[in-house]
Amino acid sequence: MLDIKLIRSEPDTVRKALARRGYGGAVDDLIATDERRRKLISSVEDLKAQRNQASDAIARIKKEKGDAAALIARMKEVSEEIKNLDAELADVEKALDAKAAELPNLPHASVPEGRTDADNVEIDRWGTPRSFDFFPQAHWDIATALDIVDFERGAKIAGSGFPLFKKAGARLERALISFMLDLHTTRHGYIEMLPPFVTRAVVMYDSGKLPKFSEDMYHVELDDLWLNPTAEAPVTGIHVDEILPAESLPVKYVAYCASFRREAGAAGKDTRGLTRLHQFDKVELFQFTEPDKSYDALEEMLGHARAVLETLELPYRVLNCCAGDIGQAATKMYDLEVWAPGVDRWLEVSSVSNCTDYQARRGNIRYRPEPQAKPEFVHTLNGSGIALPRTFIAILENFQQPDGSVVIPDALRPYMGGMQSIAAG
RNA sequence: GGAGAGGUGGCUGAGUGGUCGAAAGCGGCGGUUUGCUAAACCGUUGUACGGGUCAUACCGUACCCAGGGUUCGAAUCCCUGCCUCUCCGCCA
């Protein structure tokens, strides 16, 4: 949520920034609605002041056993009018909220121009993609041959997009989760969280997932709960409506959570293998920071996500995402893409975003800069640290051997019971 | 799933239709006293929105879980929802 006061006082700045994301036109409409809202507030509050005065008068008259019938009759009409104006005001505010909720955050000056992910700018590369003296296989072939992922039976259980991990595959998935959590808690100073896998609608709204992405999430109608599309949603909710002690900032959480996505807009895309799933595992980084520290925290968090790939010895690149591609709540976003030689593609395994006060305003998450000072909104940041299935893919494809086996990266071996490679049989 | 209790300011806790934004206590802040600390005493102490101001001041409105309703007037009465707690049942 953007600050309506900012939109009102600096419409040109906001318009220009939003135009970079294709929302520039909405500003004037919003300002006009806000204008109407304030006029209505003014008139309805005048009437309420009248009513309050009259109420006192009536009480006094009755106390002195006087006759207040005439005044009561008059106030009946005033109350009727207040009711009508209140209803009108509620409509206008609803419209204003709906319009404001649609608006994304304002892109930072360092965000490149562009409309789609094709316009994202590569800013760094790490590692050298391995050269193969045999034809590298795609992960679905490797995994099927090793019998560590069963796509058909997963589909039998829950449909396509829900793979069944087996044996060393299941263990590898579990090992990756533990490895990442340990890395971030012991080396990067995060506190571990394991949130509910479902989140209430209000919290989804606070985190910016609703109303915009309702089609992309699974909804449990009977209980009005949403399956998390990312741990970002429940973790944002942890401190909703709280005032955090200034000395506690930055608050840094790392959370494992299964992530569920309907991928409604991606039908037919990446249908093979593990690249695009309806359910996947993810370890998520999250920070609540003071406003003036959030961009430093963004760089730091990017480093934390990179450390996962570097420790696993997986080549990757870093993209500075363009204005059209950054998340709804973000002002700036980096993507990490791991190299997958089997499918011959870069695969996105992490997005690291600074959401500044956008989520904090919706969720009313604040801190007190000084002991007696007014509470201010914190800044929130989130970053995948990192998404699992594509890391799983990268391990299979980068460490595959001519005999079909897969060497396990050193860092994971302790989590695999010392296993050095996954071989068939 | 069954039965019951309850949600009031930073906290504890009064308040069942008319100066109630809300008693009292605790905590916080300012002060008096004090060699210092403590104690005591006095004062003060919520948030949001709108108006107003260079900015304060100030004025108005709303907020006693949320949303509706009754009424001239609701923390207080009615309905719905959410949440918490206790007991029983079931269950990993």
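Nothing here was measured: the structure is a model prediction, and the numbers come from that model.

Caption draft 1: Broad picture of the domain arrangement of chain A. Under the domain assignment used here, chain A contains domain 1 (4–102) and domain 2 (117–422). The partner domain 2 presents eleven residues to the five residues of domain 1 that form the contact. Taken over both partners, the interface formed by domain 1 and domain 2 buries close to 630 Å², and the fraction arising from carbon and sulfur atoms is 38%. In this assembly, domain 1 and domain 2 are joined by zero salt bridges. Taken together, the links from domain 1 to domain 2 amount to seven residue pairs in polar contact (both at pLDDT 80 or more). When the residues that make up the side of domain 1 that touches domain 2 are grouped by side-chain class, the tally is two nonpolar, no polar and three charged.

Caption draft 2: Region of interest: the protein's contact with RNA strand B. What surrounds RNA strand B is a group of 22 residues, the closest being R8, E45, I58, A59 and S79. Sugar and phosphate atoms constitute 76% of the interface atoms of RNA strand B, taking the interface as everything within 4 Å of the protein. Within the side chain of N52, one N or O atom sits 3.1 Å away from a phosphate oxygen of RNA strand B. At a separation of 3.5 Å, a sugar or linking oxygen of RNA strand B approaches a polar side-chain atom of R200. Among the elements of the structure, α1 (4–9), α3 (26–63) and α4 (69–102) are those that each provide at least two residues to the surface near RNA strand B. At twelve residues, α3 tops the list of elements feeding residues into the surface near RNA strand B. Here the residues of the surface near RNA strand B sort into six nonpolar, four polar and twelve charged.

Caption draft 3: Representation of the sheet that holds strand β7 (residues 225–227) in the model. Taken together, the three strands give an open sheet; going across it, the order is β5-β7-β6, and neighbouring strands pair in antiparallel fashion. Each of the sheet's edge strands pairs with one partner strand only, and the pair in question is β5 (198–200) and β6 (219–220).

Caption draft 4: How the structure looks around the sheet that holds strand β8 (residues 243–244). Spatial ordering of the open sheet is given by β8-β14-β15, a layout of three strands whose pairing is mixed. This sheet does not close on itself; its edge strands, each paired only once, are β8 and β15 (376–377). Where strand β14 (residues 366–367) meets β15, two bridges bridge the pair, whose relative direction is antiparallel. Across the sheet, Y367 pairs through a bridge with E376, a residue of β15.

Conventions used here
Residues numbered from 1 in each chain as written. Chains lettered and ligands numbered in written order. Predicted model: local features only at pLDDT ≥ 70, side-chain atom pairs only at ≥ 80, totals over all residues. Heavy atoms only, no water. Domains from an automatic or database assignment. Contact = heavy atoms within 4.5 Å. Buried area = accessible area lost by both parts, 1.4 Å probe. Salt bridge = Lys/Arg side-chain N within 4 Å of Asp/Glu carboxyl O. Polar contact = N/O pair within 3.5 Å; in protein donor to acceptor, adjacent residues only side chain to side chain. Nonpolar A, V, L, I, M, F, W, Y, C, P; charged D, E, K, R; others polar. Near = heavy atom within 4 Å. Helix = DSSP H or I, 4+ residues; strand = E, 2+ residues; numbered from the N terminus. Pairing = 2+ DSSP bridges.

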